Amino acid sequence: MSDVVLETKGLVKHFPITRGIVFQSKVGAVRAVDGVDLQLNRGETLGVVGESGCGKSTLAKLLVGLEKPTSGEINVRGEDMVRLKGRDLRRARRHIQMVLQDPYTSLNPRMTVGDIVGEPFEIHPDVTPRSGRTKAVQDLLDIVGLNPDHVNRYPHQFSGGQRQRIGIARALALKPEIIVCDEPVSALDVSIQAQVINLLEGLQDELGLSYIFIAHDLSVVRHISDRVAVMYLGKIVEAGGDVAIYEQPTHPYTQALLSAVPVPDPRLRGQRDQIVLEGDVPSPANPPSGCRFRTRCWKAQDICAQEEPKLEIRDRSGHPSACHFAEAREMFASG
């Protein structure tokens, strides 16, 4: 079997903009995800980073089937989920599950923990016999570090970190190969973040999981990721190994993001120039022509407005970058 467990090709999601109440007419579209190519290998973690509004969460929803793509492919274990329907789609979706961002709103307050974690068994009754579901739920709670005897408690009786563990247990119920983590620690305290990250890493080693890890905290992404993809305005602008991206970024946007990461050693703070981007992120409903980053880029020239740069290897760094003038820039390790 191929080492590639998840692959997207030309993935696009446009949300139509309409005018009128009764007789609606389409006047445009928000290009949330606009031609994304990704590849996830067995047992690895692919980090996806970028500013708020760049399309990370929409990408996550597309991967697990919560949103239907406008066009493109989502191949999970060699099957294009976009083309599957009915029973075949339900079967394929077992292999890819999701951990949501907010542990306070992602759990139904009217359901017990046992019902929440065991709900996937109701949707896929052939996974676990009904007589063994209580034991299966208790085992899942034990795996994520919770007391198996608390199956009859409600979400409000748990802390934020414990609730996120419940969400992870629910994602593990169907024994998936891939888990999409959509900013799973952003709503947690720093000390609790470390516990959840360590749990995810331990589960990956124990169960052979593959992660898509979406976050805006660059230090967290570096800690957990094997490879990193940088998104800007619906597109991947740079991708590569974690060391390559963090220590020798080639795209100006990646360089600007990393320059803003706090440096814990005060002796090094004055040795890194912070890049301050001018202007606001353009509207995804009306992105700039050519390179989408050119309106904020200090390297922009005429070709940037005329020709959209392809994501390809352009310099000695050895990893792809969507910039006509990509050039590696030495950065200090960020954590």
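Preceding this section is the structure that the text describes.
Note that the structure is predicted; figures quoted are calculated from it, not measured. (Residues numbered from 1 in each chain as written. Predicted model: local features only at pLDDT ≥ 70, side-chain atom pairs only at ≥ 80, totals over all residues. Heavy atoms only, no water.)

**Notes on the overall build of the protein chain**
And step 1. Counting its secondary structure elements, the protein chain contains 10 helices and 12 strands.
And step 2. By the compact-globule yardstick of 20 Å for 335 residues, the protein chain fits well, its C-alpha radius of gyration being 21 Å.
And step 3. The C-alpha extent of the protein chain, read off along each of the three principal axes, is 65 × 60 × 45 Å.
And step 4. In the protein chain, the proportion of contacts linking residues at least 24 apart, taken out of those at least 6 apart, comes to 64%.
And step 5. For the protein chain, the accessible surface area stands at approximately 16,600 Å², while carbon and sulfur atoms represent 47% of it.
And step 6. Seen as two clouds, the 40 positive and the 42 negative side-chain charges of the protein chain have centres 6 Å apart. (Helix = DSSP H or I, 4+ residues; strand = E, 2+ residues; numbered from the N terminus. Rg over C-alpha atoms; globule rule 2.2 N^0.38 Å. Contact = heavy atoms within 4.5 Å. Areas by Shrake-Rupley, 256 points an atom, 1.4 Å probe, with all protein chains shown as cover. Lys, Arg positive; Asp, Glu negative; His and termini not counted. Charge placed at Lys NZ, Arg CZ, Asp CG, Glu CD.)

**Concerning the sheet that holds strand β2 (residues 25-41)**
And step 1. Ordered in space as β2-β1-β4-β5, the 4 strands form an open sheet in which the pairing is antiparallel. Pairing within the sheet leaves two strands with one partner each, and these edge strands are β2 and β5 (79-80).
And step 2. Helix-sheet contacts for helix α1 (residues 56-64) involve β1 (4-19), β2 and β4 (71-76), and the interaxial angle to β1 is about 115 degrees. (Pairing = 2+ DSSP bridges. Axes fitted to C-alpha atoms, helices over the stretch in contact; angles between N-to-C directions.)

**As for the nonpolar core**
And step 1. Core analysis: the biggest nonpolar cluster contains 57 residues, and Ile168 and Phe213 have the highest contact counts within it.
And step 2. What Phe213 contacts, discounting residues up to four positions off in sequence, is Thr45, Leu46, Gly47, Val48, Cys181, Pro184, Ile197, Leu200, Val220, Val221 and Ile224.
And step 3. In terms of nonpolar packing, the next biggest core, distinct from the first, is built from 30 residues, Ile212, Ile214, Met231 and Ile236 among them. (Core = buried A, V, L, I, M, F, W, Y, C linked by side-chain atoms within 4.5 Å. Buried < 20%, exposed > 50% of the residue type's maximum accessible area, 1.4 Å probe, protein only.)

**Side note on the pairing of strand β9 (residues 227-232)**
And step 1. Along β9, 5 of the 6 residues are buried, which leaves the element largely enclosed by surrounding structure.
And step 2. Where β9 and strand β10 (residues 235-241) come together, 6 bridges link them in antiparallel fashion. In the strand pairing of β10, Arg227 is matched with Gly241.
And step 3. Linkage of β9 to β10, two consecutive antiparallel strands, is achieved through a turn of 2 residues, within which Leu233 is found at a positive phi near 50 degrees.

**Quick notes on the layout of surface pockets**
And step 1. The volume enclosed by the largest pocket comes to roughly 510 Å³.
And step 2. Lining the largest pocket are 16 residues, with Leu66, Arg93, Gln97, Pro120 and Ile123 sitting closest to its centre.
And step 3. Taken together, the elements giving at least two residues each to the lining of the largest pocket come down to α2 (86-93), β6 (96-99), α3 (113-123) and α5 (160-172).
And step 4. The class makeup of the residues in the lining of the largest pocket is 9 nonpolar, 3 polar and 4 charged. (1 Å grid on protein atoms, 1.4 Å probe; cavity = no way out; pocket = protein on both sides within 12 Å on 5 of 7 lines; lining within 4 Å. Points joined across faces, edges and corners; volume = space filled by probe spheres on them. Nonpolar A, V, L, I, M, F, W, Y, C, P; charged D, E, K, R; others polar.)

**Some words on the pattern of salt bridges**
And step 1. Counted under the stated rule, the structure contains 16 salt bridges.
And step 2. Salt-bridge contacts for Glu51 lead to Arg296; the nearest nitrogen and oxygen are separated by 3.2 Å. Of this pair, Glu51 sits in the loop between β3 (45-49) and α1 while Arg296 sits in the loop between α9 (252-259) and α10 (302-306), and the two are 245 residues apart along the sequence.
And step 3. By relative accessible area, which is 24% here, Glu51 ends up partly exposed.
And step 4. By relative accessible area, Arg296 is classed as buried at 10%. (Salt bridge = Lys/Arg side-chain N within 4 Å of Asp/Glu carboxyl O.)

**A look at helix α6 (residues 190-207)**
And step 1. In a regular helix each residue adds 1.5 Å, so 18 residues correspond to 26 Å; α6 covers 26 Å between its end C-alpha atoms and thus fits that length.
And step 2. Considered for burial, the residues of α6 that qualify are Gln193, Val196, Ile197, Leu199, Leu200, Leu203 and Gln204. End-on, the buried residues of α6 take up no more than an arc of 155 degrees, which puts them together on one face. Exposed side chains of α6 directed beyond 90 degrees from the buried face belong to Asp205 and Glu206.
And step 3. Each element contacted by the buried residues of α6 is listed here: β3, α4 (133-143), α5, β7 (178-182), β8 (210-214) and α7 (218-224).
And step 4. Of the residues trailing α6, Gly208 is marked for its positive phi of about 70 degrees. (Expected span 1.5 Å × (residues − 1). Arc of directions from axis to C-beta.)

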